[in-house]
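A look at the structure
Listed below, chain by chain, are the residues.
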Amino acid sequence: GLNLVRHFVGPRGPEDLLAHIEHAQKLGIEKNLCLGADFFPEVDVDEHKAHLKPYFFDQFSTSACYPRLRQILLSKFSEPFVNHLMYDRLIQFLE
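Nothing here was measured: the structure is a model prediction, and the numbers come from that model. (Residues numbered from 1 in each chain as written. Predicted model: local features only at pLDDT ≥ 70, side-chain atom pairs only at ≥ 80, totals over all residues. Heavy atoms only, no water.)

**Section: helix α4 (residues 79–94)**
Here is the rule we go by: For helices the rule is a DSSP run of H or I covering at least 4 residues; for strands it is a run of E covering at least 2, with both sets numbered from the N terminus onward. To estimate how far a helix should extend, the number of its residues minus one is multiplied by 1.5 Å. The bend reported for a residue corresponds to the angle between axes fitted to the seven residues ending at that residue and the seven starting there. Contact definition: two residues touch when any of their heavy atoms are within 4.5 Å.
Taking 1.5 Å per residue as the helical rise, α4 with its 16 residues ought to reach 22 Å, and the 22 Å between its terminal C-alpha atoms agrees with that figure. When the local axis directions of α4 are compared, the greatest deviation, roughly 55 degrees, occurs at L85. Close packing links the buried residues of α4 with α2 (14–27) and α3 (66–74).

So, in structure tokens, the structure goes:
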């Protein structure tokens with residue numbers, strides 16, 4: 001799965017997220033990807049991980065970012081693939 005945690009995505013934010021997705025495509029595993037932002041309140045994080053703050057990029061720190069994130073994904077990938085990442089794969093998994 002893909003998340004929006006800064007430490008996992010990389011320092012460039014959206015650019016790095018797109019690069020992760022492109023890498024998955026090169027490996028042929030893109031149909032297994034699903035977006036899960038992993039939003040959590042920073043107060044719930046173990047003190048040993050405090051050095052990783054801020055955990056999220058400012059523009060991607062809450063679920064309110066989804067419309068903007070969708071536009072960023074659509075700038076690089078087809079609408080059916082973006083739908084797969086954001087919705088369809090999760091539904092398939094839950095079924």
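**Structural notes on the packing of α3 against α4**
Test applied: Helix axes are fitted only over the stretch in contact, all axes being lines through C-alpha atoms; the angle between N-to-C directions runs from 0 to 180 degrees. Each angle gets one of four labels, with under 35 degrees taken as roughly parallel, over 145 as roughly antiparallel, 65 to 115 as roughly perpendicular, and the rest as oblique. For any helix crossing, the convention is left-handed if the near helix is rotated counterclockwise from the far helix by under a right angle, and right-handed if that rotation is clockwise. Gly is placed with the polar residues, together with every amino acid not listed as nonpolar (Ala, Val, Leu, Ile, Met, Phe, Trp, Tyr, Cys and Pro) or charged (Asp, Glu, Lys and Arg).
The interhelical angle for the contact between α3 and α4, taken along N-to-C directions, is 140 degrees, at an axis separation of 9 Å. When the axis of α3 is compared with that of α4, the two are oblique. Two packed elements cross with a definite hand, and for α3 against α4 that hand is right-handed. Where α3 abuts α4, its residues Y66, R70, L73 and L74 lie against E79, V82, N83, L85, M86 and Y87. Class assignment for the residues of the contact of α3 with α4 results in seven nonpolar, one polar and two charged.

**Comments concerning the nonpolar core**
Rules: Buried Ala, Val, Leu, Ile, Met, Phe, Trp, Tyr and Cys residues form a nonpolar core when they are joined through side-chain atoms within 4.5 Å. Exposure classes here rest on a 1.4 Å probe applied to the protein chains alone. A residue is buried below 20% of its type maximum, exposed above 50%, and partly exposed in between.
Ranked by size, the top nonpolar core spans 21 residues in total, and within it I21, L73 and L85 carry the most contacts. Listed by contribution, the elements that provide at least two residues to this core are α2, α3 and α4. Ignoring anything within four residues of it in the chain, the contact list for L85 reads L2, I21, L33, C34, L35 and L73.

**Looking at the environment of C65**
You can see C65 is positioned in the loop between α2 and α3. Using a relative accessible area of 4% as the deciding quantity, one classes C65 as buried. Taking the C-alpha atoms as reference, C65 lies 21 Å from L52; in sequence the two are 13 residues apart. Contacts of C65, omitting those with residues within four sequence positions, involve L4, F39, Q59 and F60.

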